[in-house]
Amino acid sequence: MSPFPFEIMFEKMDLLERLDISILWGHYEISVLRFHLTSFPPGKVIDFHNHAEFEFHFIPRGKGTVILGDQQYPLSEGMLYLTGPGVMHRQEADAEESMEELCLHIHIAEKQRDDADPWEVAEAEECVEKLRRLPLIPAQDYHRAMKCFLEAYEACDGKLAGYYTSIKHLVISILLKVTRAYDTGGMGAEAPVRDMLTYRYQYAVQYMEANYSAAVTLENVAEKLNISPRQLQRIFKQVDPDQPFSRILEEIRLKAVCSKLEASSLSIEHIAESEGFTNATYLHSVFRKRLGMTPAAYRKARKIHEQ
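Structural notes, computed from the coordinates. Being a predicted model, the structure only gives us computed values, none of them experimental.

**What to know about the nonpolar core**
Now for step 1: Judged by nonpolar contacts, the single largest core of 56 residues is most densely connected at Phe35, Phe56, Phe58, Leu104 and Leu175.
Now for step 2: Here Phe56 is in contact with Tyr81, Leu82, Leu102, Cys103, Leu104, Ile106, Leu131, Leu175 and Val178, once residues within four sequence places are set aside.
Now for step 3: Formed by 18 residues, the second largest nonpolar core is a distinct cluster that contains Met208, Val221, Leu232 and Ile235.

Below you can see the structure in the form of structure tokens.
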């Protein structure tokens, strides 16, 4: 028999419940009330009851039955079900076999926020509405929401970096995975899509700014974006026909040279090579063409201006 992966959660059964977990998600505030693993010995009965909050039930091991409303359903390893506020339910472990249950109780309240991400608002709204309408029937944990319990426990027990933030994300993940278990059609709210022209252009310029002192070429920047050099050329032309790749790279390097000329007494030859120019002669040519003076004249003018 393979080891029970959730066994460690019996060592500190209230570990996660000791945390005061409140999560802002879209226009909701989600408060975690219970978050634990429990065990029903063979034949154990939890008589009819209901809660004022949402209760997520997962069966990581064993079998039994649950009555939801007036209908009885068999439970076995790998199943889940949700009982919303006011839903009467009765649980019973098998007469000869114990049943473990992972439980998450949450209270969901509306919380209007001006700073909420509109895409997050849409996804949270859709998820919560689906949770409120889920059928009173067990389902398979197709998306492995149960693993979120163990991951949350291990993060908390080990005090891993950022464990509180991780646990909040895992709670949201449980909610989403439960809705997916019942919803084969997926979520209707679509995530934001990038403007790929702008994104690729900005990424290319940022890469050039970070690596201008090295041998930056159209080919290696295109490779970083996983596109062809010709595609990258077209992108620069579409954004600004007067600012091709070579011109922008030259401007980035020229700006860096000017900063070095102002802030240091390094030789012009040294500055030219350190900032990506082939040599001082080429830098002189670019300087005269773009600024109408030599690098030495620029340095002298800036020092006079600062006095």
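**With respect to empty space enclosed by the protein**
Now for step 1: Scanning all chains against the criterion turns up one cavity of 30 Å³ or more.
Now for step 2: As a volume, the largest cavity reaches approximately 30 Å³.
Now for step 3: Forming the walls of the largest cavity are Met9, Lys12, Met13, Leu15, Leu16, Phe35, His36, Leu37 and Tyr153.
Now for step 4: Of the residues forming the lining of the largest cavity, the biggest block, three residues, is contributed by strand E2 (residues 28–40).
Now for step 5: Residues belonging to the lining of the largest cavity are distributed by class as follows: seven nonpolar, one polar and one charged.

**Remarks on the pairing of strand E8 (residues 99–110)**
Now for step 1: Judged by how many residues are buried, E8 sits mostly within the fold: nine of twelve residues are covered.
Now for step 2: The pairing of E2 with E8 spans twelve bridges and is classified as antiparallel. If you follow Ile30 over to E8, its bridge partner there is Ile108.
Now for step 3: Sheet topology places strand E4 (residues 54–68) next to E8; seven bridges connect them, and they run antiparallel. Bridge assignment links Gly62 to a residue of E8, and that residue is Met99.

The rules behind these values
Residues numbered from 1 in each chain as written. Predicted model: local features only at pLDDT ≥ 70, side-chain atom pairs only at ≥ 80, totals over all residues. Heavy atoms only, no water. Core = buried A, V, L, I, M, F, W, Y, C linked by side-chain atoms within 4.5 Å. Buried < 20%, exposed > 50% of the residue type's maximum accessible area, 1.4 Å probe, protein only. Contact = heavy atoms within 4.5 Å. 1 Å grid on protein atoms, 1.4 Å probe; cavity = no way out; pocket = protein on both sides within 12 Å on 5 of 7 lines; lining within 4 Å. Points joined across faces, edges and corners; volume = space filled by probe spheres on them. Helix = DSSP H or I, 4+ residues; strand = E, 2+ residues; numbered from the N terminus. Nonpolar A, V, L, I, M, F, W, Y, C, P; charged D, E, K, R; others polar. Pairing = 2+ DSSP bridges.

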